[in-house]
Amino acid sequence: MKVLVTGGAGYIGSHMVKLLLASGIDVVVMDDLSGGFRDAVVGGEFVVGDVGDRAQVERVLRQGRFDSIIHFASFIQVGESVAEPAKYYRNNLTGTLSLLDAAVACGVRHFVFSSSAAIFGEPKFTPIAEDHPAQPLSPYGFSKLAVERVLADYDRAYGLRSVCLRYFNAAGADPEGLLGERHEPETHLIPLILRAAGVSSAHVKVFGDDYRTPDGTCVRDYVHVTDLCQAHALALDWLERKKPSVAFNLGNGSGFSVNEVIATARRVTNLPINVQVAARRTGDPAVLVADSAAARRDLGWAPQYDSLETIVQHAWTWEKKRRQDLINRSAGITKKI
Ligand code: UFG
């Protein structure tokens, strides 16, 4: 099997590349390195490029017989998408349209798409199953929902079958310690908490403690990045078995509050973590928890790392490596001077 992975130098994409290679699949990665890192791609062929560059994508796709595309490449900051919608619609929506047209033109039959819980907007009920109304609150969420609709139409019209995977809160790191979460700037809760662990001059901000939740802080469904990647592998298998286009919600089905995540990080690291309560972040729903019964039943998805403790433990191993890299780099610079 040959697979094109867009965004394969990013957080989830790089873990996916590792998993595909371990399964003996032929992988080509395309990433424009706007958010990803070349050294996060552990193997396969690497092409620096933008998914919206149709000529380049077609050149790549015509080099071999690609069975599938797994499309991770996208901008991901909800707040930024409100301030700069053009950036999000251009990349996440028109860039994806161009990629899809190239896929159809080159005879690719299967497409796995990184969608998001952000398509649902403010939950009407929880846990959130696939039939929950989709009313996104941000251009980011709308760009993901729009691609889902496009994919349904492209199947009907052009026979491109797809699986949309709506991630809740992707978290954790490669259990073997080779890869982890690297965003610049980092906006996600777990890496920010761990960066503050044991650093007396740092603190983590808790965005609001007056939500209608048991401890007043927001509740989220954290799902291990390796388990998310397993779901993509099962989605490829689903498409290979000629099953219909479909969308699945991916989470563990358990919600943890921001305060509970901080408490878990204190236990795992055994270090003090300073906390400051700050104002609510615009657009944050109080509770987001997935009902992933459909993915478990239909794909046979069985998350392996479903305890928050394990997720934070793996993220902590990665954070310690990041700290060591920073020390090594600054030592190198000092030596040169
Ligand atoms: N939070 C803090 N302090 C921080 C960062 C986050 O209190 O410094 C809180 C947030 O308010 C939220 C929770 O921690 O309640 C998790 O926040 P993240 O930014 O880690 O994740 P989000 O739930 O906002 O977003 C994630 C993905 C998005 C996706 C969304 C869908 O990052 O791409 O889930 O639900 F759109």
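Relevant structure appears above.
Let us look at the structure shown here.

Parameters at a glance
Residues numbered from 1 in each chain as written. Predicted model: local features only at pLDDT ≥ 70, side-chain atom pairs only at ≥ 80, totals over all residues. Heavy atoms only, no water. Buried < 20%, exposed > 50% of the residue type's maximum accessible area, 1.4 Å probe, protein only. Helix = DSSP H or I, 4+ residues; strand = E, 2+ residues; numbered from the N terminus. Right-handed = clockwise from strand over helix to strand, strands pointing away. Near = heavy atom within 4 Å. Polar contact = N/O pair within 3.5 Å; in protein donor to acceptor, adjacent residues only side chain to side chain. Areas by Shrake-Rupley, 256 points an atom, 1.4 Å probe, with all protein chains shown as cover. Pairing = 2+ DSSP bridges. Contact = heavy atoms within 4.5 Å. Salt bridge = Lys/Arg side-chain N within 4 Å of Asp/Glu carboxyl O. 1 Å grid on protein atoms, 1.4 Å probe; cavity = no way out; pocket = protein on both sides within 12 Å on 5 of 7 lines; lining within 4 Å. Points joined across faces, edges and corners; volume = space filled by probe spheres on them. Nonpolar A, V, L, I, M, F, W, Y, C, P; charged D, E, K, R; others polar. Core = buried A, V, L, I, M, F, W, Y, C linked by side-chain atoms within 4.5 Å.

### What to know about the pairing of strand 1 (residues 2-6)
Link 1 in the chain: Of all five residues making up strand 1, five are buried, and the element is well covered by its neighbours.
Link 2 in the chain: Crossover handedness for the path strand 1 to helix 1 (residues 11-22) to strand 2 (residues 26-31): right-handed.

### Regarding the site of the ligand
Link 1 in the chain: Taken together, 21 residues form the shell around the ligand, and within it His-188, Leu-189, Lys-205, Arg-281 and Asp-284 come nearest.
Link 2 in the chain: Between the ligand and Thr-187 there is a distance of 3.5 Å, counted from an oxygen atom to a backbone nitrogen or oxygen.
Link 3 in the chain: One of the side-chain nitrogen or oxygen atoms of Asp-284 is found 2.6 Å away from an oxygen atom of the ligand.
Link 4 in the chain: When isolated, the ligand has an accessible area of 680 Å², and the protein chains bury 91% of it.
Link 5 in the chain: When residues of the shell around the ligand are traced back to their parent elements, those giving at least two are helix 6 (189-196) and strand 8 (204-207).

### A closer look at the sheet that holds strand 12 (residues 256-257)
Link 1 in the chain: One open sheet holds the three strands; their spatial order is 12-9-14, and the pairing between them is mixed. Unpaired on one side and paired on the other, strand 12 and strand 14 (287-288) mark the two borders of the sheet.
Link 2 in the chain: Pairing between strand 9 (residues 219-220) and strand 14: two bridges, direction parallel. Each bridged residue has a counterpart across the sheet, and for Val-219 the counterpart in strand 14 is Val-287.

### So, the side chain of Ser-68
Link 1 in the chain: Structurally, the position occupied by Ser-68 is in strand 4 (residues 68-71).
Link 2 in the chain: Discounting residues that sit within four places of it in the chain, Ser-68 has contacts with Lys-2, Val-3, Leu-4, Val-108, His-110 and Leu-236.

### Description of the pattern of salt bridges
Link 1 in the chain: Under the defined criterion, the tally for this structure stands at 19 salt bridges.
Link 2 in the chain: Salt-bridge contacts for Asp-39 lead to Arg-182; the nearest nitrogen and oxygen are separated by 2.7 Å. Here Arg-182 lies in the loop between strand 7 (169-171) and helix 6 and Asp-39 lies in the loop between strand 2 and strand 3 (45-48), a separation of 143 residues in the sequence.
Link 3 in the chain: For Asp-39, a relative accessible area of 58% puts it in the exposed group.
Link 4 in the chain: Assessed through its relative accessible area of 25%, Arg-182 is described here as partly exposed.
Link 5 in the chain: Glu-319 is paired through a salt bridge with Arg-323; the nearest N and O atoms lie 2.8 Å apart. Of this pair, Glu-319 and Arg-323 are both found in helix 10 (residues 308-336), four residues apart, which corresponds to roughly one turn of the helix.

### Here we look at the side chain of Ser-116
Link 1 in the chain: Among the secondary structure elements, Ser-116 is positioned in strand 5 (residues 110-116).
Link 2 in the chain: A polar contact is formed between the side chain of Ser-116 and the backbone nitrogen of Ala-118, at a distance of 2.8 Å.

### What about empty space enclosed by the protein?
Link 1 in the chain: By the definition in use, this model includes three cavities of 30 Å³ or more.
Link 2 in the chain: The computed volume of the largest cavity comes to approximately 80 Å³.
Link 3 in the chain: In this structure, the largest cavity is lined by Glu-181, Pro-191, Leu-194, Arg-195, Ala-315, Trp-318, Glu-319 and Arg-322.
Link 4 in the chain: Among the elements of the structure, helix 6 and helix 10 are those that each provide at least two residues to the lining of the largest cavity.
Link 5 in the chain: Per element, the largest residue contribution to the lining of the largest cavity is four residues, and it comes from helix 10.
Link 6 in the chain: For the lining of the largest cavity, the class distribution of residues is four nonpolar, no polar and four charged.
Link 7 in the chain: As a volume, the second largest cavity reaches approximately 60 Å³.
Link 8 in the chain: Taken together, Ala-9, Gly-10, Tyr-11, Ser-14, Phe-37, Ala-40, Leu-179, Gly-180, Arg-182 and Trp-318 make up the lining of the second largest cavity.
Link 9 in the chain: Class assignment for the residues of the lining of the second largest cavity results in six nonpolar, three polar and one charged.

### Quick word on the pairing of strand 8
Link 1 in the chain: Going residue by residue along strand 8, you find Val-204 and Val-206 tucked away on one face and Lys-205 and Phe-207 left uncovered on the opposite face.
Link 2 in the chain: Sheet topology places strand 8 next to strand 13 (residues 275-278); four bridges connect them, and they run parallel. Its bridge partner lying in strand 13, Val-204 is registered against Val-275.

### Here we look at the nonpolar core
Link 1 in the chain: Core analysis: the largest hydrophobic core is formed by 36 residues, its most contacted members being Ile-12, Leu-20, Ile-70, Leu-165 and Leu-250.
Link 2 in the chain: Mapped onto this core, the elements with two or more residues apiece are strand 1, helix 1, strand 2, strand 6 (161-167), helix 7 (225-240), strand 11 (246-250) and helix 9 (293-299).
Link 3 in the chain: Look past the residues within four positions of Ile-70 in its chain and what remains in contact with it is Val-3, Leu-4, Val-5, Thr-6, Met-16, Leu-20, Val-112, His-232 and Leu-236.
Link 4 in the chain: By size, the runner-up hydrophobic cluster in this structure holds 25 residues, among which are Val-47, Ala-103, Phe-113 and Val-147.

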